[in-house]
Amino acid sequence: QCVLTGFWVNDLGSNMTIAAVNAKGEFTGSYYTAVSDTTQKIQVSPLQGYQNLMSPESQPTFGFTVNWSFSDSITVFTGQCFVDKKGKEILKTMWLLRSRVDNIDNDWKATRVGTNVFKHPQPQK
Ligand code: BTN
């Protein structure tokens, strides 16, 4: 089993908290990015998504959108929740970051793509 609800940290040092997944597969949460393309002060931003409920007991797929509250861009993440060989939950994701551009001639350079891996942080001793 792999549960999305909880606190996650990715390979960039960003963190997110996902609240309960409801009966329709919908969830909300908050995202604190460690990096930004803007000069604005980074702020916690809301996220909203779906878990696919076809196989909820077995490593589900999901997607969510982060609506950056300090920037005029939007990121969508899509991924799957896995249990790794050590029994730890891990989210393997890909993202698209859409930046706002001033005119349509700049549309070609407005979307970035990447991957992020999220894990639950290890409790410190
Ligand atoms: C912006 O710079 O306009 C908003 C912040 C974007 C942060 C990106 S989203 C994809 C990647 N994964 C992260 O955790 N942060 C960056």
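Coordinates for the structure precede this section.
Here is what the cut-offs are and how they apply
- Residues numbered from 1 in each chain as written.
- Predicted model: local features only at pLDDT ≥ 70, side-chain atom pairs only at ≥ 80, totals over all residues.
- Heavy atoms only, no water.
- Helix = DSSP H or I, 4+ residues; strand = E, 2+ residues; numbered from the N terminus.
- Buried < 20%, exposed > 50% of the residue type's maximum accessible area, 1.4 Å probe, protein only.
- Contact = heavy atoms within 4.5 Å.
- Polar contact = N/O pair within 3.5 Å; in protein donor to acceptor, adjacent residues only side chain to side chain.
- 1 Å grid on protein atoms, 1.4 Å probe; cavity = no way out; pocket = protein on both sides within 12 Å on 5 of 7 lines; lining within 4 Å.
- Points joined across faces, edges and corners; volume = space filled by probe spheres on them.
- Near = heavy atom within 4 Å.
- Areas by Shrake-Rupley, 256 points an atom, 1.4 Å probe, with all protein chains shown as cover.
- Sits in = over half its atoms within 2 Å of the grid points.
- Phe/Tyr/Trp six-rings, centres within 6.5 Å; stacked < 30°, edge-to-face > 60°.

Undergrad: Tell me about the environment of aspartate 11, and please be specific about residues and values.
TA: Assignment of secondary structure puts aspartate 11 in the loop between strand 1 (6-10) and strand 2 (15-18). A relative accessible area of 51% means that aspartate 11 is categorised as exposed. Distance from aspartate 11 to valine 101, taken between C-alpha atoms, is 28 Å for residues 90 residues apart in sequence. Apart from residues lying up to four places away in sequence, aspartate 11 is in contact with Thr115, Asn116 and Val117. Only 3.1 Å separates the side chain of aspartate 11 from the side chain of asparagine 116, close enough to count as a polar contact. Among the polar contacts made by the side chain of aspartate 11, one reaches the main-chain amide nitrogen of valine 117 at a distance of 2.8 Å.

Undergrad: Give me the environment of valine 21: which residues, what numbers.
TA: Tracing the backbone through its elements, the reader meets valine 21 in the loop between strand 2 and strand 3 (26-32). Classification of valine 21 as partly exposed rests on a relative accessible area of 25%. Expressed as a C-alpha distance, the spacing of valine 21 and valine 101, which sit 80 residues apart in the sequence, is 34 Å. Not counting residues up to four positions away in its chain, the partners in contact with valine 21 are Leu4, Thr5, Glu26, Phe27 and Gln51.

Undergrad: Could you give me a rundown of the layout of surface pockets, with the residues and numbers involved?
TA: Estimates place the volume of the largest pocket at around 430 Å³. Val35, Ser36, Asp37, Thr75 and Leu97 are, among the 25 residues lining the largest pocket, the residues nearest its centre. Looking at the lining of the largest pocket, the elements with two or more residues in it are strand 6 (74-83), strand 7 (89-98) and strand 8 (111-119).

Undergrad: Now, about the site of the ligand: what can you tell me, with residues and values included?
TA: Around the ligand there are 16 residues in total, and Ser14, Tyr31, Asp37, Ser71 and Ser73 lie nearest to it. One nitrogen or oxygen atom from the side chain of threonine 33 is found 3.0 Å from a nitrogen atom belonging to the ligand. Between aspartate 37 and the ligand, the recorded distance is 2.8 Å, taken from a backbone N or O atom to an oxygen atom. Protein contact buries 96% of the 420 Å² of open area that the ligand shows by itself. Of the pockets mapped on this structure, the ligand occupies the largest pocket.

Undergrad: Can you explain the packing of aromatic side chains? Please cite residues and give values.
TA: Aromatic ring pairs are described here by two measures, namely the spacing of the ring centres and the angle between the planes. Evaluation of the coordinates by the stated rule reveals 8 aromatic pairs. An aromatic cluster is built from Phe27, Tyr31, Phe62, Phe64, Trp68, Phe70, Phe77 and Phe118, whose rings are joined through pairwise contacts.

Undergrad: Go over the side chain of serine 99 with me, naming the residues and quoting the values.
TA: Following the sequence through the fold, serine 99 ends up in the loop between strand 7 and strand 8. Once residues within four sequence positions are removed from consideration, serine 99 is found in contact with Asp37, Ser73, Ala110 and Arg112.

Everything listed is a geometric property; what it means functionally is a separate question.
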